[in-house]
Amino acid sequence: MSIIEIIVLALIQGLTEFLPISSSAHLILPSQILGWQDQGLAFDVAVHVGTLIAVVIYFRKEVVDILSAWFKSFGQQGATDDSKLGWWIIAATIPALVIGYFFKDFVESYSRNAWVIATSTIVFGLLLWYADAKAKQVKNIYQLNLMSALLLGFSQVIAMVFPGTSRSGITITVGLLLGLNKQSAARFSFLMSIPVIAAAGSYYTYKLFSAGEAIDWQAILLGAGLSFVSAYACIYFFLKIIERMGMMPFVIYRLLLGAGLILFLSL
C-alpha cells in the first residue's frame, strides 16, 4: 500500500465507523473509482485497533463505571443502573457475535456488492430521517430494558447482512424509535460498539496469524494512529452536532452518497 492509500483508508475507517453514514459505502469508493486493491488483513486489524482505542478512551469514565458496577452486582451491592447497562450491552452484543460467527462467509461474500451498498445507504438513510423526525425521544440511556437491548442488538445484525446500512446508523435509528433521546441513542450505540469491534479485531488478528501474512509495520502503525485520531474526533464532534442539528445533515449526505454510487454504477 502507498502512503496515500494508507492515509485515505485509515481516515475513512476512523470517521465512518461511528458516523451514521456507512463505512462500507465509503471504503468501496477507492476500489471502484481509483482501482485500489484490498488493504489486507494486517491493515484491517490496525484500523480496528485504532477505532477501538478511540471509543474506549473517549468513554473511559462510562466504561470504568459500568464494568465496576457489573462486577460488584454479583456481591452485596446488587443491581444498579450502571450494572444493568452492562447487562444490556452484553445482551445487545450476543446477536451480532452469533450471526457474525455462523454467517461470516456469507457476510464477507456480499460485503463488496456495490448495488446493495448504494441501495442500503439510501433506504436506511430515509429510515434515520423518519426516526429523527417522528420518534418521541424522551428516554435516557438508563431507561433501556432487556427487550430494547435485544432489539438494538439485532439491528446490528441488519448492518452486517446488508452492507451500506451503517452499524451506528441503524442502532441510533432503532434507539430513537424506542424513545431514546439523541445523546442516549448515540452513546449506547458507541458503547455497544466496543465488544463488537473488539470481536472483529480479534477475528482479523486470528486470520492474520493463521495465514502467515507478511506485516508492513509502517502501514500498521500509521493506519492505527490515523484511525484512532479520526475516530476520536468523529465521536467528539458527532455528539456536538446532533445536539444542535439532529440527524438531518447525515440523512442528506447518505441520500447524495447513495445516489452518487448508483449513478457511477450505471455509467
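You'll find the structure just up there.
## What to know about unusual backbone geometry
1) Next: In this structure, Gln137 is a non-glycine residue whose phi angle is positive, near 55°.
2) Next: Relative to the helices and strands, Gln137 is located in the loop between α7 (114-134) and α8 (146-161).
3) Next: Gln137 sits in the buried class, given a relative accessible area of 16%.
4) Next: The residue Ser166 is not glycine, and still its phi comes out positive at about 85°.
5) Next: Along the chain, Ser166 turns up in the loop between α8 and α9 (167-177).
6) Next: Owing to a relative accessible area of 7%, Ser166 belongs among the buried residues under this scheme.

## Concerning a nonpolar patch on the surface
1) Next: Together, Phe74, Trp87, Ile90, Ile94, Val98, Tyr101, Phe102 and Phe103 make up a nonpolar patch on the protein surface, roughly 860 Å² of accessible area in all.
2) Next: Turning to its location among the elements, Phe74 is positioned in the loop between α4 (60-72) and α5 (81-102).
3) Next: Owing to a relative accessible area of 55%, Phe74 belongs among the exposed residues under this scheme.

## Let's talk about the packing of α5 against helix α10 (residues 182-211)
1) Next: The contact between α5 and α10 brings their axes to 9 Å, and the two run at 50°. Comparing their axes, α10 and α5 come out oblique. The chirality of how α5 crosses α10 is right-handed. When α5 is examined against α10, the residues Leu85, Trp88, Ile89, Ala92, Thr93, Ala96 and Leu97 are found in contact with a partner set consisting of Phe188, Leu191, Met192, Pro195, Val196 and Ala199.
2) Next: When its residues are assigned to classes, the contact of α5 with α10 shows twelve nonpolar, one polar and no charged.

## Focus on the packing of aromatic side chains
1) Next: Considering all chains together, one arrives at twelve aromatic pairs under this definition.
2) Next: Considering the side-chain rings of Trp70 and Phe71, the 5.0 Å spacing of their centres and the 75° angle between planes classify their relative orientation as edge-to-face.
3) Next: By relative accessible area, Trp70 is classed as buried at 18%.

## A short note on the nonpolar core
1) Next: Ranked by size, the top nonpolar core spans 45 residues in total, and within it Phe59, Phe188, Phe190 and Phe238 carry the most contacts.
2) Next: When residues in this core are grouped by element, the largest group, eight residues, is from α10.
3) Next: Excluding residues within four positions of it along the chain, Phe190 makes contact with Phe18, Val55, Phe59, Ile235, Phe238 and Leu239.
4) Next: Membership of the second largest hydrophobic core comes to nine residues, among which are Ile6, Leu9, Ala10 and Leu27.

## Description of the pattern of salt bridges
1) Next: What the rule picks out here adds up to three salt bridges.
2) Next: Between Asp65 and Lys61 there is a salt bridge; the shortest N-O distance is 2.9 Å. Note that Asp65 and Lys61 are positioned in helix α4 at a spacing of four residues, about one turn of the helix.
3) Next: Classification of Asp65 as partly exposed rests on a relative accessible area of 29%.
4) Next: Residues Asp132 and Lys182 are paired through a salt bridge, measuring 3.4 Å at the closest nitrogen-oxygen approach. One end of the pair, Asp132, is in helix α7; the other, Lys182, is in helix α10, and 50 residues separate them in sequence. Side by side, Asp132 and Lys182 carry an identical accessibility label, which is buried.

## A look at the packing of helix α11 (residues 217-245) against helix α12 (residues 248-266)
1) Next: Where α11 meets α12, the axes come as close as 9 Å, and the angle between the chain directions of the two elements is 105°. The orientation of α11 with respect to α12, classified from their angle, is roughly perpendicular. Across from Phe238, Ile241, Ile242 and Met245 in α11, the residues of α12 making contact are Met248, Pro249 and Phe250.

Here is what the cut-offs are and how they apply
Here the residue numbering is sequential within each chain, running from 1 through the sequence in written order. For this predicted model, a pLDDT threshold of at least 70 governs which residues receive local features, and a threshold of 80 or more governs which side-chain atom pairs are given and counted, while totals over whole chains, interfaces and linings are taken from all residues. Only hydrogens and water are set aside; all other atoms, that is, all heavy atoms of the structure, feed into the side-chain values. Numbering of helices and strands runs from the N terminus; a helix is a DSSP stretch of H or I covering at least four residues, while a strand is a stretch of E covering at least two. Remark: exposure states derive from per-residue accessible area (1.4 Å probe, protein chains only) relative to the maximum for the residue type, with buried under 20%, exposed over 50%, and partly exposed in between. Patches here: salt-bridge-free residues with over 30% relative accessible area, like charges joined within 9 Å, nonpolar side chains (Val, Leu, Ile, Met, Phe, Trp, Tyr) joined within 5 Å. Here the accessible surface of atoms and residues is derived via Shrake-Rupley with a 1.4 Å probe, and residues count as covered only by protein chains that are part of the display. Take a side-chain nitrogen of Lys or Arg and a carboxyl oxygen of Asp or Glu: if they are within 4 Å of each other, that pair is a salt bridge. Only C-alpha atoms enter the line fits that serve as axes; for helices the fit covers just the stretch in contact. Angles between N-to-C directions range over 0 to 180 degrees. Any angle that is under 35 degrees is reported as roughly parallel, and any over 145 degrees as roughly antiparallel; angles of 65 to 115 degrees are reported as roughly perpendicular and all others as oblique. By definition, turning the near helix anticlockwise from the far helix through less than a right angle yields a left-handed crossing, and turning it clockwise yields a right-handed one. Whether two residues touch is decided by their heavy atoms; if any such pair falls within 4.5 Å, the residues are in contact. When residues are sorted by character, Ala, Val, Leu, Ile, Met, Phe, Trp, Tyr, Cys and Pro go into the nonpolar class, Asp, Glu, Lys and Arg into the charged class, and all the rest, Gly among them, into the polar class. Here is the rule: rings of Phe, Tyr and Trp (six-membered ring for Trp) pair when centre to centre is within 6.5 Å. Planes less than 30 degrees apart are stacked, more than 60 are edge-to-face, and the remainder are tilted. To qualify as a nonpolar core, a set must consist of buried Ala, Val, Leu, Ile, Met, Phe, Trp, Tyr and Cys residues joined through side-chain atoms within 4.5 Å.

These results come straight from atomic positions and should not be treated as a statement about function.
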